[in-house]
Amino acid sequence: MARNGRVNEDFAGAVPTAAVLIDGAGIPGAESICRHGVAWYAGGLGGCLLSLLAGVRDRSLSALLAEAIEQVTDDHRDTCDVADPISPSATVAILRLSDGLIEHLVLGGSVLVLGRAEGEPLVVSDPREVIISRSYRSALKATAEGSDEYRRVLRDLRANRNQPGGFWVAKDDPRAADDATIAYCTDLGEA
């Protein structure tokens, strides 16, 4: 959701058999790292994923996500410091229906909620970012947002991204897709 005075850094879209939600993440002031910005990254990743989902039906969701991450990263690798911890990134949720099979993928802090005909909704999430972020909460609350110290704490937190023992997001490494939470069900009565 866009905050007052800021561009919307999220993306949502669908094709007849799939839907994509991208929640862009960045630190204000990171323009010196990436001239494109988080909104560009989220839109590019979401558009690329929708294009792949519309045209490719026989590849896994993680393979399609890895390809989309690689394509978008390549689009700005020569002009931006894509490896810097504060360069644009995003969490991802994908839902695809194929021959009666419902596939879903969650990467990072996105949450996917699927209603069921009977019973409670199916909630799919990846809690690793929330768990790791807890140890940084007090430092962030004690620091003025936008200050150098606040950016340093965020940089330290984001250094846990896409690392073993850390949390995984779409950023510059397509291998992050291998750590997504992926599941299938034949109907919403099974998980």
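Thresholds, definitions, all that
Residues numbered from 1 in each chain as written. Predicted model: local features only at pLDDT ≥ 70, side-chain atom pairs only at ≥ 80, totals over all residues. Heavy atoms only, no water. Helix = DSSP H or I, 4+ residues; strand = E, 2+ residues; numbered from the N terminus. Rg over C-alpha atoms; globule rule 2.2 N^0.38 Å. Buried < 20%, exposed > 50% of the residue type's maximum accessible area, 1.4 Å probe, protein only. Contact = heavy atoms within 4.5 Å. Areas by Shrake-Rupley, 256 points an atom, 1.4 Å probe, with all protein chains shown as cover. Lys, Arg positive; Asp, Glu negative; His and termini not counted. Charge placed at Lys NZ, Arg CZ, Asp CG, Glu CD. Pairing = 2+ DSSP bridges. Disulfide = S-S within 2.5 Å. Patch = residues over 30% accessible without salt bridge, like charges linked within 9 Å, V, L, I, M, F, W, Y side chains within 5 Å. Salt bridge = Lys/Arg side-chain N within 4 Å of Asp/Glu carboxyl O. Axes fitted to C-alpha atoms, helices over the stretch in contact; angles between N-to-C directions. Parallel < 35°, antiparallel > 145°, perpendicular 65-115°, else oblique. Left-handed = near helix turned anticlockwise from the far one by under 90°. Nonpolar A, V, L, I, M, F, W, Y, C, P; charged D, E, K, R; others polar.

### What to know about the overall build of the chain
Counting secondary structure elements, the chain contains four helices and seven strands. The globule rule puts the C-alpha radius of gyration for 191 residues at 16 Å, and the 17 Å found for the chain is close to it. If one aligns the C-alpha atoms of the chain with their principal axes, the spans along those axes are about 50 × 35 × 35 Å. The proportion of buried residues among the 191 residues of the chain is 43%. Within the chain, counting contacts between residues at least 6 apart in sequence, those at least 24 apart form 64% of the total. Surface summary for the chain: the accessible area is close to 9900 Å², and the carbon and sulfur share equals 51%. Distance between charge centroids for the chain: 6 Å, based on 19 positive and 28 negative side chains.

### Quick notes on the pairing of strand E4 (residues 101-107)
With six of seven residues buried, E4 lies mostly within the body of the structure. Of the pairings in the sheet, the one linking strand E3 (residues 89-98) to E4 comprises seven bridges and is antiparallel in character. Across the sheet, residue Leu97 finds its bridge partner in E4, namely Ile102. Counting the residues between successive antiparallel strands, the hairpin from E3 to E4 contains two residues, one of them, Asp99, with a positive phi of roughly 50°. Here E4 runs beside strand E7 (residues 181-185); their pairing, made up of five bridges, is antiparallel.

### What about the environment of Leu105?
Structurally, the position occupied by Leu105 is in strand E4. On the basis of relative accessible area, Leu105 is assigned to the buried category, the value being 0%. Residues Leu105 and Phe11, spaced 94 residues apart in sequence, show a C-alpha to C-alpha distance of 16 Å. The residues contacting Leu105, other than those within four sequence positions of it, are Leu61, Ser62, Leu65, Val92, Ala93, Ile94, Ala180, Thr181 and Ile182.

### A short note on the state of the cysteines
Taken as a whole, this structure holds zero disulfides when the rule is applied. For the unlinked cysteine Cys80, the closest cysteine sulfur is that of Cys34, found at 3.5 Å. Look at Cys80 and you get buried, because its relative accessible area is 8%.

### Observations concerning a nonpolar patch on the surface
A contiguous nonpolar patch, built from Leu101, Ile182 and Tyr184 and spanning about 240 Å² of accessible area, is present on the exposed surface. Examined against the element boundaries, Leu101 turns out to sit in strand E4. By relative accessible area, which is 30% here, Leu101 ends up partly exposed.

### Details of the packing of helix H1 (residues 38-55) against helix H2 (residues 61-76)
Two elements in contact, H1 and H2, have axes separated by 9 Å at closest approach and are oriented at 135°. In terms of axis orientation, H1 runs oblique to H2. The handedness of the crossing between H1 and H2 is right-handed. For the pair formed by H1 and H2, the contact residues are Trp40, Tyr41, Gly44, Leu45, Cys48, Leu49, Leu52 and Leu53 on the first element and Leu61, Leu64, Leu65, Glu67, Ala68, Ile69, Gln71, Val72, Asp75 and His76 on the second. Of the residues in the contact of H1 with H2, the class split is 13 nonpolar, three polar and two charged.

### Notes on the pattern of salt bridges
Going through the model one piece at a time under the given rule, you end up with eleven salt bridges. Residue Arg77 pairs with Asp74 through a salt bridge whose shortest N-O separation is 3.1 Å. By relative accessible area, Asp74 is classed as partly exposed at 41%. We note a salt bridge from Asp179 to Arg128, for which the minimum N-O separation is 3.8 Å. Of the two residues, Asp179 sits in the loop between helix H4 (148-158) and E7 while Arg128 sits in helix H3 (residues 128-141), which places them 51 residues apart along the sequence. Salt bridges linked by common partners bring Asp126, Arg128 and Asp179 together as one network.

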